[in-house]
Amino acid sequence: MSRRPPDRFDLVVVGAGHAGCEAALAAARLGASVLLVTLNLDHLAALSCNPAVGGLAKGHLVREIDALGGEMALNTDATGIQFRVLNRGKGPAVWSSRAQVDIDLYPRRMREVCLSQRGLWLVEDEVVGLELEEGRVAGVRTARGRRIPCRAVVLTTGTFLRGVIHVGLRRQPAGRMGDPPAERLALQLQELGHRLIRLKTGTTPRLDMRSLDLERLPQQWGDRPPRMFSFLSRGPVLEQRCCWITHTTPETHRIIRANLDQAPMYAGVITGTGARYCPSIEDKVVRFPEKDSHQVFLEPQGLHSGLVYPNGIPTSLPLEVQVEMVRTLPGCEHAHIVRPGYAVEYDMSDPLDLTPYLMSKLVPGLFMAGQINGTSGYEEAACQGLMAGVGAVFWLRGEEPPVLDRAQAYIGVLIDDLVTRGTREPYRMFTSRAEYRLSLREDNADLRLTPLGRRWGLVDDRRWQVFQAKRAAIERAWRLLGEVRIRPEAGVNDHLRQLGTAPLRQVVSARELLRRPGLGLKELIPLHPALAELEDLAPEAAEQVEIRAHYQGYEERERRQVERFRRQEAVSIPPELDYEQIPGLSREVREKLARVRPRNLGQAGRISGVTPAALAILSLYLHRRGKAGH
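This write-up is about the structure you can find in this document. Everything numeric in this text was worked out from a predicted model, so none of it was measured.

### Re the nonpolar core
Counting 104 residues, the largest nonpolar core has Val12, Val153 and Ile411 as the members making the most contacts within it. Broken down by element, this core gets its largest block of residues, 13 residues, from helix α9 (residues 378–397). Once you skip the residues sitting within four places of it in the chain, Val153 turns out to touch Leu11, Val12, Val14, Leu130, Val137, Val140, Gly365, Leu366 and Phe367.

### Details of a positive patch on the surface
On the surface, Arg557, Arg560, Arg564 and Arg567 cluster together into a patch of positive charge. You can see Arg557 is positioned in helix α16 (residues 539–569). Accessibility expressed as a relative area gives 46% for Arg557, which makes it partly exposed.

### What to know about the packing of helix α3 (residues 72–79) against helix α4 (residues 105–116)
The contact between α3 and α4 brings their axes to 9 Å, and the two run at 130 degrees. Taken together, the axes of α3 and α4 are oblique relative to one another. Note that α3 runs across α4; the crossing there is right-handed. Facing Met72, Leu74, Asn75, Thr76, Ala78 and Thr79 of α3, the residues of α4 in contact are Leu105, Tyr106, Arg109 and Met110. Across the contact of α3 with α4, the residue classes break down as six nonpolar, three polar and one charged.

### Observations concerning the pairing of strand β1 (residues 9–14)
By the criterion of burial, β1 is predominantly enclosed, with six of the six residues buried. The sheet contact formed by β1 and strand β9 (residues 147–155) spans five bridges and is parallel. The partner of Val12 across the bridge, within β9, is Val153. Here β1 runs beside strand β2 (residues 34–38); their pairing, made up of four bridges, is parallel. Bridge pairing links Val14 to Val37 in β2. Each parallel crossover has a hand, and the one from β1 via helix α1 (residues 18–29) to β2 is right-handed.

### Section: unusual backbone geometry
Look at the link from Arg224 to Pro225: it is a cis peptide, with omega at 0 degrees. Within the fold, Pro225 resides in the loop between β14 (219–220) and β15 (243–247). Even without being glycine, Leu358 reaches a positive phi, approximately 70 degrees. Mapped onto the fold, Leu358 is located in the loop between β19 (342–349) and β20 (366–368).

### Digging into the packing of aromatic side chains
Going through the model one piece at a time under the given rule, you end up with four aromatic pairs. Each ring, one from Phe367 and one from Trp395, has its centre 6.2 Å from the other, and the planes form 70 degrees; the classification is edge-to-face. You can see Phe367 sitting in strand β20 and its partner Trp395 sitting in helix α9, a full 28 residues away along the chain. Taken individually, Phe367 and Trp395 each receive the classification buried, so the pair is uniform in this respect. It is Arg88 that lies over the ring of Trp95; its NZ or CZ is 4.5 Å from the centre. Geometry around Phe394 places Arg397 over its ring, the cationic atom sitting 5.3 Å from the centre.

### Section: the side chain of Thr423
On the secondary structure map, Thr423 appears in the loop between α10 (410–421) and α11 (445–456). Here the side chain of Thr423 touches Glu425 through a polar contact of 2.6 Å, landing on its backbone oxygen. When residues no more than four places from it in sequence are discounted, the contact partners of Thr423 are Ile197, Met348, Pro351, Asn373, Gly374 and Leu418.

### Comments concerning the side chain of His18
Looking at where His18 falls in the secondary structure, it is placed in helix α1. Note on His18: relative accessible area 9%, which makes it buried. Looking at His18, its side chain comes within polar contact range of the main-chain oxygen of Ala46, at 3.0 Å. Residue contacts for His18: discarding those within four places in its chain leaves Ala45, Ala46, Leu47, Met72, Tyr106, Tyr378 and Ala382.

### Re the sheet that holds β19
Spatially, β11-β10-β19-β12 is the arrangement adopted by the four strands of the open sheet, whose pairing is antiparallel. Strands with a single pairing partner mark the edges of an open sheet, and in this sheet they are β11 (170–173) and β12 (196–203). Between one strand axis and the next, the sheet turns through 25 degrees on average, direction left out of account. Sheet topology places strand β10 (residues 164–167) next to β19; three bridges connect them, and they run antiparallel. From the neighbouring strand, His166 faces β19, where its bridge partner is Ala343.

### Re helix α17 (residues 587–596)
When α17 is considered as a whole, its buried residues turn out to be Val589, Arg590, Leu593 and Val596. The buried residues of α17 all sit within an arc of 145 degrees when viewed along its axis, so they share a single face. Remark: Arg597 follows α17 within two positions and exhibits a positive phi of approximately 55 degrees.

### Looking at the sheet that holds strand β18 (residues 337–339)
Taking strand neighbours across the sheet as the criterion, the six strands line up as β14-β15-β16-β17-β13-β18 in an open arrangement whose pairing is antiparallel. The sheet is open, and its two borders are formed by β14 and β18, each paired with just one other strand. Sheet analysis places strand β16 (residues 295–300) next to strand β17 (residues 307–311), joined by four bridges and oriented antiparallel. Bridging across to β17, Leu298 finds its partner in Pro310.

### Quick notes on the pattern of salt bridges
Under the criterion given, the structure shown has 46 salt bridges. Glu380 is the partner of Lys58 in a salt bridge, and the nearest nitrogen-oxygen pair spans 2.9 Å. Note that Lys58 is positioned in helix α2 (residues 58–68) and Glu380 in helix α9, a separation of 322 residues in sequence. Residue Asp66 is joined to Arg463 by a salt bridge in which the shortest nitrogen-to-oxygen separation is 2.9 Å. Here Asp66, found in helix α2, pairs with Arg463, found in helix α12 (residues 461–483); they are 397 residues apart in sequence, far enough to count as distant. The class of Arg463 is buried, set by a relative accessible area of 6%.

The rules we used
Residues numbered from 1 in each chain as written. Predicted model: local features only at pLDDT ≥ 70, side-chain atom pairs only at ≥ 80, totals over all residues. Heavy atoms only, no water. Core = buried A, V, L, I, M, F, W, Y, C linked by side-chain atoms within 4.5 Å. Buried < 20%, exposed > 50% of the residue type's maximum accessible area, 1.4 Å probe, protein only. Helix = DSSP H or I, 4+ residues; strand = E, 2+ residues; numbered from the N terminus. Contact = heavy atoms within 4.5 Å. Patch = residues over 30% accessible without salt bridge, like charges linked within 9 Å, V, L, I, M, F, W, Y side chains within 5 Å. Areas by Shrake-Rupley, 256 points an atom, 1.4 Å probe, with all protein chains shown as cover. Salt bridge = Lys/Arg side-chain N within 4 Å of Asp/Glu carboxyl O. Lys, Arg positive; Asp, Glu negative; His and termini not counted. Charge placed at Lys NZ, Arg CZ, Asp CG, Glu CD. Axes fitted to C-alpha atoms, helices over the stretch in contact; angles between N-to-C directions. Parallel < 35°, antiparallel > 145°, perpendicular 65-115°, else oblique. Left-handed = near helix turned anticlockwise from the far one by under 90°. Nonpolar A, V, L, I, M, F, W, Y, C, P; charged D, E, K, R; others polar. Pairing = 2+ DSSP bridges. Right-handed = clockwise from strand over helix to strand, strands pointing away. Phe/Tyr/Trp six-rings, centres within 6.5 Å; stacked < 30°, edge-to-face > 60°. Lys NZ or Arg CZ within 6 Å of the ring centre and 35° of its normal. Polar contact = N/O pair within 3.5 Å; in protein donor to acceptor, adjacent residues only side chain to side chain. Arc of directions from axis to C-beta.

Pasting the structure below:
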């Protein structure tokens, strides 16, 4: 049965990268009519940089997207060719999943998902401007002369706003190699009062696998069995592949130093601020002169791609220098560069101009997500896209858009950092940014967030049934462990000694015993006949029970910290509050509070420059104002 697109869309999403796809899918799944506009449908959900999803703290974001009903984790599991959990030697709070994905299959599957989504329409075109009526979003204009009426817009322009690509001292306007930049849209944002900031990012050269001598290099395989990203996935779909490990050499560094005058960052050609935590190989050599080697991972771009991504050497040196440099890496002596590495300079819009649900404070109905807000990485973009799509639909309904706080999710930490503190460099998520990371683990993202996703309308019946079954199994096992008493009998203590742990001196619950380091459920089951039913407990439920036992004391302490945090978050600040009328605040603090317009006392305290003394003055003022009935 054919479907006709509406004459007026509820929402237009501009850009079909990772943020745009999540925004469009989330909004359509909530019942909105959505148009996703992209320059090139073949580049939908393109992996412009490395062919990987997840990583340190980024894996947390992907699991949270999945728990809420988003698509990135499912897409990763369906197209992944290697899965690894980073930081396995540390505690579960900092375990982070990472996957190599097939660079061709990943966007292909996401395109299929978008094309099959009810209520979502796609079109190839360039949005060159916003249509406004009485200061609100009313539609978009495109390069092909269309005027598309809509009630809201989500901008997910990535690196395309006035994008410029640099290879050596040569530069060309582009948002990505082969795609034109968005010039007119950037100018309109400025005219509307949005402050634009210049940033820079970069990527590595791509190598022809046939030109590499990989047999003499160490291999790096994924985990066996692999840990999947989605809580719905049970195992990988594709054949699994290895990566290879090589490294830069003193000769590599000599070549880089000899050609720094041709590197656009060092020649003064690039003015944008680069990513501090993902520096170019030029930056590494200059900033760490004492190191004569940096590790490089040779990552296959897919099962049939034939290209290799040398992770660790992003560069914007001239092509001829890149060839000379790459050929100094062991195994790469005859490397053929298919596409050079390059830097891309682009505009971001200051996220301090956004509400906590990612809508512009200046233009009602205009939402922004992804690199336009100053973040780096597919995962940071995707989670913003999901929240912007959800927020836009709630706003269109006249309902208060949902906001995740810092104690609920890494997504909440990321967005709060952006809209409260802003950023002047590409923002990357780290576990250290989360104050409550013992509770915000990858493994419990579904327990934390799936009920929320269900309440919003994003979690479908299948996911909800799987979640309910898992949660019920965890609670049954937890209750059983609390009820079963283990006595200090000879057989019990002999078993404990064999496990390398102290014998019992008194009766304890199985739950208490599980808290001991090195003990898991399988070690406890022989200690009591009633525990035999735990043999059939699903691995993901068993993992939750074990982690809960080991982390219980830490989580209790963190829960008390969260209660204090929530008390401050509960003190709301009227959006129209005139900070000029509050005596005792400095001019700087007044300006910063007026700029951010914090929603509550907690957010106000996280604004850079708002001192504890200033927060106390604001708290007292709000208390007196409340008692006076204002």
